[in-house]
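Residues per chain are reported as follows:
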Amino acid sequence: MSANFSFSFSGDDIENEEGSNSAAPNVGASVPPQPSASAFPVAGKPLLPATSHDLQHMLSQLPSKIAYSTLNVDLDGRGKIQLPRRELWDVRVQLMAEDDGGDAEPGLGHHDVKTGVYEGGFKSWESSVDLVKVLSLSNAFLTNTDVAPRVIELGCGTGLPSLALFQWSLSLRGHDKVPAGGLSLVLADYNPTVLQLVTLPNFILCWALHQRAESPILENAFSTEGELDLTPEVLNAFEEFLSARRISLSFFSGGWSTEFVDLVGSDQTSKTGDEARRHTIILGAETIYSPFALSAFTQTIFSLMKQEKAYGNAAEALIGAKKLYFGVGGSLDDFVAKARELGANVEELREETEGVRRGVVRCSLPQ
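Attention in this report is confined to the structure presented alongside it. (Residues numbered from 1 in each chain as written. Predicted model: local features only at pLDDT ≥ 70, side-chain atom pairs only at ≥ 80, totals over all residues. Heavy atoms only, no water.)

It is worth spelling out unusual backbone geometry at this point. Backbone geometry at D76 places phi at a positive 55°, although glycine is not the residue there. On the basis of relative accessibility, which here comes to 39%, the residue D76 falls in the partly exposed class. Located in the positive-phi region is E286, a residue other than glycine, with phi close to 55°. Note that E286 resides in the loop between β10 (277-285) and α9 (291-310). Using a relative accessible area of 7% as the deciding quantity, one classes E286 as buried. (Buried < 20%, exposed > 50% of the residue type's maximum accessible area, 1.4 Å probe, protein only. Helix = DSSP H or I, 4+ residues; strand = E, 2+ residues; numbered from the N terminus.)

Turning our attention to the sheet that holds strand β13 (residues 358-364). Overall, mixed pairing links the 8 strands, which are arranged β2-β9-β7-β6-β10-β11-β13-β12 in an open sheet. The open sheet is flanked by β2 (51-53) and β12 (345-352), the only strands paired with a single partner. Adjacent strand axes in the sheet meet at a mean angle of 20°, parallel and antiparallel pairs treated alike. The pairing of strand β11 (residues 314-322) with β13 spans 6 bridges and is antiparallel. Bridging from a neighbouring strand, I319 pairs with V361 of β13. Packed onto the sheet, helix α3 (residues 126-135) meets β10, β11, β12 and β13 and runs at close to 135° relative to β11. (Pairing = 2+ DSSP bridges. Axes fitted to C-alpha atoms, helices over the stretch in contact; angles between N-to-C directions. Contact = heavy atoms within 4.5 Å.)

For helix α4 (residues 160-172), which comprises 13 residues, the first-to-last C-alpha distance of 18 Å matches the rise-based estimate of 18 Å (1.5 Å per residue) to within 8%. Burial analysis of α4 places 11 of its 13 residues in the buried class, which makes it a mostly covered element. When α4 is considered as a whole, its buried residues turn out to be L160, P161, S162, L163, A164, L165, F166, Q167, W168, S169 and L170. (Expected span 1.5 Å × (residues − 1).)

Before going further, it helps to spend a moment on the sheet that holds strand β3 (residues 65-74). Reading across from one edge, β4-β3-β8 is the order of the 3 strands in this open sheet, with antiparallel pairing throughout. Each edge of the open sheet is held by one strand with a lone partner, namely β4 (80-86) and β8 (227-229). Shown here is a sheet whose adjacent strand axes are inclined to one another by a mean of 40°, direction ignored. Note that β3 and β8 share 3 bridges and pair antiparallel. What sits directly across from A67, in β8, is E227. Lying on the sheet, α3 is in contact with β3 and β4; it crosses β3 at an angle near 60°.

Attention now moves to the nonpolar core. Formed by 57 residues in total, the largest nonpolar core has its most connected members in I204 and W207. When residues of this core are assigned to their parent elements, the largest contribution, 8 residues, is made by helix α5 (residues 192-211). The residues contacting W207, other than those within four sequence positions of it, are F166, L170, L218, V234, A237, F238 and F241. Core analysis: the second largest hydrophobic core is formed by 31 residues, A296, I301, A321 and A344 among them. (Core = buried A, V, L, I, M, F, W, Y, C linked by side-chain atoms within 4.5 Å.)

Another point: the packing of helix α8 (residues 258-265) against α9. Taken N-terminus to C-terminus, the directions of α8 and α9 make an angle of 35°; their axes are 10 Å apart at the nearest point. In terms of crossing hand, the pair formed by α8 and α9 is right-handed. Residues F260, V261, V264 and G265 of α8 lie in contact with α9, whose contacting residues are T300, S303, L304 and Q307. Here the residues of the contact of α8 with α9 are counted per class, giving 4 nonpolar, 4 polar and no charged. (Left-handed = near helix turned anticlockwise from the far one by under 90°. Nonpolar A, V, L, I, M, F, W, Y, C, P; charged D, E, K, R; others polar.)

All right, on to the pattern of salt bridges then. Opposite charge on two side chains allows them to pair when their charged atoms are near. With the rule as written, the count across this model stands at 19 salt bridges. For the salt bridge of E351 with R357, the shortest nitrogen-to-oxygen distance reads 2.8 Å. You can call E351 partly exposed: its relative accessible area is 38%. Take R357: its relative accessible area is 42%, and that puts it in the partly exposed class. The salt bridge partner of E352 is R358, with a shortest N-O separation of 4.0 Å. If you follow the salt bridges from partner to partner, you end up with D76, D130, K133, R350, E352 and R358 in one network. (Salt bridge = Lys/Arg side-chain N within 4 Å of Asp/Glu carboxyl O.)

Purely geometric stuff here, so don't read any function into it on its own.
Written out as structure tokens, the structure reads:
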């Protein structure tokens, strides 16, 4: 039987103080799902297999319209960034419209995590915002023409840290500032439906809002406030933009495992040319909320960093988490101790002492 974790943090999802931009219709409560495969080792439960997802196929499965709101992130007095997110009620509406009589999608009910079924990806977590703030101080690598930046976000969910980097890249990397190797964004979540229903739509929203003033197609697609029409013309323009700016989006689902690491390492869409070295940044927010999760996550980031080091590429990991996950056993301090035990260099970059204590650390392998 899978375990239900309800952390009772400050709010089920991060919201602006002024609230959401659009009103949610009453779509009813989600039906609790039946246990399926497990994200982390649970007796008698297999892992969901590591799987790559084709961008074009994912685009073809999107609804004709999505509703969204924006999250305003104060960058500690250094300005703000607005990150769009698809509304969860809109996800529920889509799923109800497509309902074939089976179980409701997990993650849209009352539990933060259902181990073995749903690992929290539909919600935005506080540590993901902490990562955005840290990245705002260290995003110069996006314009370094000597390296090809590659971002791997594990347990991405709504993808706030990667969305922030994507948005900054749109501003910093014009047609005349595209590095030789381009920009690779690798988004990984245990649940493939999270990638399809929120991660990809959020990237499309981020691009569309940034480019709408320059595109009549996009301006027309925002005909209703708080909604974006996903017409074939909009989706084609999105693909063409990514190609022109040499930005690749890769999506992976499944449990963290040797197969997962091999699959990410073999990803052809994020390969760089011989003319550019790769600089890989691995991101993880709220990914160590239990001993099982901590162990699997730590092994995965070390395998990915060693893989990059073997290719002669620079690699580091930025991890945001709570100091302690009450009732489930994970903690940022446990991760730091484990990483140092394995020989990594670990540096604390940020500490949040108000409310639930949280932190962000940088982890890298010795030269």
